[in-house]
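Each chain, written out:
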Amino acid sequence: MIQFELSTDRQLFEDSFDFAQQQVRSLIGQHAGLYPMYTKNGKWKHDGPAWTHWCDGFLPGMMWLFHRHLGPGGPDADWWMDQAIAYTIPLEPRKMDREVHDLGFIFLSTYYRWYQVTKDPELNDVLVQAGETLAMRFKENGQYLRSFVAEDSLFIDIMMNVGIIFYAARETGDRMLRDVALRHALTTRRVLVRGDGSTAHEGIFDLESGEFLRQSTQQGYRGDSCWSRGLAWSLYGFSTCYEYSRDPRFLETAEACADYYITHSPADGVAPWDFNAPADSRRQVDTSAAAITASGLLRLCRLITDPLKGHLYWTTAVRILRSLCESHLGKGTEGWEGILRGGVYHIHKDLGVDESVMWGEYFFVEALESALRRLTP
Ligand code: GLY
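Residues numbered from 1 in each chain as written. Predicted model: local features only at pLDDT ≥ 70, side-chain atom pairs only at ≥ 80, totals over all residues. Heavy atoms only, no water.

Novice: Please explain helix α14 (residues 358–375) as it appears in this structure.
Specialist: For the α-helix, the turn length of 3.6 residues means that residues three or four positions removed from each other point alike. Over its 18 residues, α14 extends 26 Å from the first C-alpha to the last, a length consistent with the 26 Å expected when each residue adds 1.5 Å. Burial analysis of α14 places 16 of its 18 residues in the buried class, the great majority of the element. (Helix = DSSP H or I, 4+ residues; strand = E, 2+ residues; numbered from the N terminus. Expected span 1.5 Å × (residues − 1). Buried < 20%, exposed > 50% of the residue type's maximum accessible area, 1.4 Å probe, protein only.)

Rendered as structure tokens:
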């Protein structure tokens, strides 16, 4: 029986991975050089606002994942690598970008993957610079990396980016960089992760004293609610933080977030956009939160030693992926250009609501690739 399910899942995931390749092929064939963020009525090209520019690594990031999955040397793998390089190179100037807190998203999905393939030291220099630039956002008063919206604002999303500072610290031996990453993660853990494992999206500080004032939100339902994508960023981000630091507090935090997600999600593992939104609004799922969670759980499985917990996280990740593949692919909808339907970008600004979103696509492909590696005998 277990054998049967494994091979069914493998086939389902392989078919979905193929579908993802088809959709990305078609996107870059139709709109060469476009780095879209979210669809409008299922179409990638439109003039909707970005709010902030944080997504450009995800399209080439998927190409690196296709290349990795196909293995070196095959014609398709070579083709994906050429495309990945062509879409990665234009991102290099962003290593100096001080307007966003998203340099981990942009560079860990691209230059990091490229460097893993070639080990060219110039690629590593780009990663190190990106980590150093991100670290400049650190506020001594308050001990956090400030978000893009304001000096006094800390976002849970930044936990997904702090990994590039750990990386730069490791590559250069710079202890001050490592210290910035550690202090940011400890502050986030203290002020944004609650006792029950749920998370707030944003924290607001007093700039003069550094005192933490309150939890708030930009994209969640409200300051004291749990925005599901923020929870997913936290689960994944604290897992990465533990990988670099081996500080058990970060592993505990990642597990607390995972346990909250698991105990508060419906049976199919696809969470509402905010766990505390009113019932009507909660009908809107965020498939990107589910995809990030699946990928984060697959990372967490590798880090924990308790086999029962490991089994729970693995089976949950597989269950989420199964639901996404069976019920949320763009496949069934004529003309839909994305891979996954049912993502949400910014519900209050009405941006990308019930659409495909580029980070959802990326983390879905990352999770599929990771699960397929383990399911392949
Ligand atoms: N800005 C990151 C997000 O929308 O999740």
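Novice: Can you help me understand the nonpolar core in this one?
Specialist: Taken as a class, soluble globular proteins show a tendency for nonpolar side chains to be buried jointly. Residues Trp359, Phe363 and Phe364 are the most contacted members of the largest nonpolar core, which totals 127 residues. At eleven residues, the largest contribution of residues to this core is made by α14. Discounting chain neighbours no more than four positions away, the residues touching Phe364 are Ser16, Ala291, Leu321, Leu324, Cys325, Leu329, Ile339 and Leu340. (Core = buried A, V, L, I, M, F, W, Y, C linked by side-chain atoms within 4.5 Å. Contact = heavy atoms within 4.5 Å.)

Novice: Is there a simple way to explain unusual backbone geometry in this structure?
Specialist: Excluding glycine, residues mostly carry a negative phi; peptide bonds, for their part, are mostly trans. Positive phi, normally seen in glycine, also occurs at Trp51, with a value near 70°. Take Trp51: it is sitting in the loop between α1 (2–30) and α2 (58–70). Although it is not a glycine, Lys119 sits at a positive phi angle of roughly 60°.

Novice: So what exactly am I meant to see when it comes to the site of the ligand here?
Specialist: As a matter of local geometry, the ligand sits amid Trp54, Asp157, Gln219, Trp227, Arg229, Trp233 and Tyr345. Take Asp157: an N or O atom from its side chain is 3.2 Å from a nitrogen atom of the ligand. Residue Gln219 places a side-chain N or O atom 2.8 Å away from an oxygen atom belonging to the ligand. Compared with its free state, where it exposes 200 Å², the ligand has 98% of that area covered by protein. Looking at the shell around the ligand residue by residue, the class counts come to four nonpolar, one polar and two charged. (Near = heavy atom within 4 Å. Polar contact = N/O pair within 3.5 Å; in protein donor to acceptor, adjacent residues only side chain to side chain. Areas by Shrake-Rupley, 256 points an atom, 1.4 Å probe, with all protein chains shown as cover. Nonpolar A, V, L, I, M, F, W, Y, C, P; charged D, E, K, R; others polar.)

Novice: Please explain the packing of aromatic side chains as it appears in this structure.
Specialist: One pair of aromatic rings is described through two measures. These are the centre distance and the angle between the planes. Scanning all chains against the criterion turns up 31 aromatic pairs. Between Trp51 and Phe148, the aromatic rings sit 5.1 Å apart at their centres with planes inclined by 80°, giving edge-to-face as the arrangement. Here the residue Trp51 occupies a position in the loop between α1 and α2, and Phe148 occupies one in the loop between β2 (144–145) and β3 (153–155), the gap between them amounting to 97 residues. The exposure class of Trp51 is partly exposed, given its relative accessible area of 24%. Classification of Phe148 as buried rests on a relative accessible area of 18%. Between the aromatic rings of Phe58 and Tyr362, the centroid separation amounts to 5.3 Å while the plane-to-plane angle is 35°, which identifies the pairing as tilted. Here Phe58, found in helix α2, pairs with Tyr362, found in helix α14; they are 304 residues apart in sequence, far enough to count as distant. The residues Phe58 and Tyr362 share a single accessibility class, namely buried. (Phe/Tyr/Trp six-rings, centres within 6.5 Å; stacked < 30°, edge-to-face > 60°.)

Keep in mind these numbers describe shape, not what the thing actually does.
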